[in-house]
Amino acid sequence: MSPEISIIIPSYNEEKYISRCLNSVLNQTFSDFEVLCVDDGSNDNTFDIIKEYSKKDSRIIPMKNPDKGVSSARNFGIDNAKGNYIGFVDSDDFIQPQMYEFLYRAIIENNCDFSVCRYKKTTELIEKKFEYKTEKFQPEKFISFNDSEFTINNELVFSAIWTKLISKKFLNNIKFDDFRIGEDTVFNSQLCSKEYKAVFVDAELYNYFINTQSVSFTELWHEKWFDLLKTRFISYDLLKEKNKILSSFYLERGMKFLLSYRFNLKGSPNENKFKKPIKNYFKKYYKSFMKCESISFKNKISVPIFFLFPFLYDKFRRMTDKTL
């Protein structure tokens, strides 16, 4: 008999954190699930730890998809998922015991395509034990992505894949593109470019672990984070005909990223590599940015001025740093 939920966990060299992750999943109050642990060719003990867990609990399924990246690992999990609903957890994160109970109930009780929850950032210094004060759960009406204030203040709630439980039928043929970072944003933009119904669960059910030793913090961050810039403009293009508020949000973020890259890449090893692509992005999206009704006049003026006259941005940054 197939499980109701398939939880996909991509992993690569996470021997330090994978047990914490799996323990939190196995501790769920909702139990009808399978856990597809897709290893991307770890050269530490990660996969051995996963296999030991599978011996103790048959819901844990060790799988290998070596040296193809996190997007390929997630796609491999989707292709092999047997559940009616699909969730994602990153191997260095962990979840609250009621996460999938609440997300599943939200979908079933409201006949939805997917459900969304809040998350909580944590580090090794501030990590705390699980605490629950949401035992009497009632699904809230989903906060629309057309709510600009919510959109601006809660980007990761809707752009991260791990805040969601998604109907496999609704997911259909949507897959992850091979970006080094920001692949979640494009994936979710594909979801939101369709006609959908969703419910927002106003509870911090996912613990997003900020690991300062991860790839996002390596010396190559300029290259990896350039993918993040690209995904913002891709998301804008996907959503501009479907969701004006959300698409304008990504357009504004993309233009601000261009400004930040132009400033931060100065003098770096990647300056020449990305100088032309940055200018091309600016030229391509400048008119759309200036015409967008959802972007403030202040941003419409400041972004192009700072982009065209970087010495002013340099001065502005220094003044801002002094006031902090």
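Each remark here, short or long, concerns the structure printed above.
Residues numbered from 1 in each chain as written. Predicted model: local features only at pLDDT ≥ 70, side-chain atom pairs only at ≥ 80, totals over all residues. Heavy atoms only, no water.

### Overview of the side chain of Ser 248
Along the polypeptide, Ser 248 turns up in helix 10 (residues 244-264). Ser 248 gets classed as buried once you look at its relative accessible area, which sits at 4%. Once you skip the residues sitting within four places of it in the chain, Ser 248 turns out to touch Cys 292, Ser 294 and Ile 295. (Helix = DSSP H or I, 4+ residues; strand = E, 2+ residues; numbered from the N terminus. Buried < 20%, exposed > 50% of the residue type's maximum accessible area, 1.4 Å probe, protein only. Contact = heavy atoms within 4.5 Å.)

### A few points about a nonpolar patch on the surface
On the surface, Phe 297, Ile 301, Ile 305, Leu 308, Phe 309, Phe 311 and Leu 312 cluster together into a nonpolar patch covering about 700 Å² of accessible area. In terms of residue count, the dominant contributor to the nonpolar patch is helix 12 (residues 297-308) (four residues). Checked against the element boundaries, Leu 312 lands in helix 13 (residues 310-323). (Patch = residues over 30% accessible without salt bridge, like charges linked within 9 Å, V, L, I, M, F, W, Y side chains within 5 Å. Areas by Shrake-Rupley, 256 points an atom, 1.4 Å probe, with all protein chains shown as cover. Salt bridge = Lys/Arg side-chain N within 4 Å of Asp/Glu carboxyl O.)

### Notes on a positive patch on the surface
Together, Lys 275, Lys 276, Lys 279 and Lys 283 give the surface a local cluster of positive charge. Relative to the helices and strands, Lys 276 is located in helix 11 (residues 271-291). (Lys, Arg positive; Asp, Glu negative; His and termini not counted. Charge placed at Lys NZ, Arg CZ, Asp CG, Glu CD.)

### A closer look at the pairing of strand 2 (residues 33-39)
Within a regular strand, side chains alternate between the sheet's two faces. Buried residues dominate strand 2, accounting for seven of its seven residues. Both faces of strand 2 are covered, namely the face carrying Phe 33, Val 35, Cys 37 and Asp 39 and the face carrying Glu 34, Leu 36 and Val 38. Traced from strand 1 (residues 5-11) through helix 1 (residues 18-26) to strand 2, the parallel crossover comes out right-handed. As paired strands, strand 2 and strand 3 (residues 60-64) are joined by five bridges and run parallel to one another. Across the sheet, Val 38 pairs through a bridge with Met 63, a residue of strand 3. Handedness of the β-α-β unit built from strand 2, helix 2 (residues 46-56) and strand 3 comes out right-handed. (Right-handed = clockwise from strand over helix to strand, strands pointing away. Pairing = 2+ DSSP bridges.)

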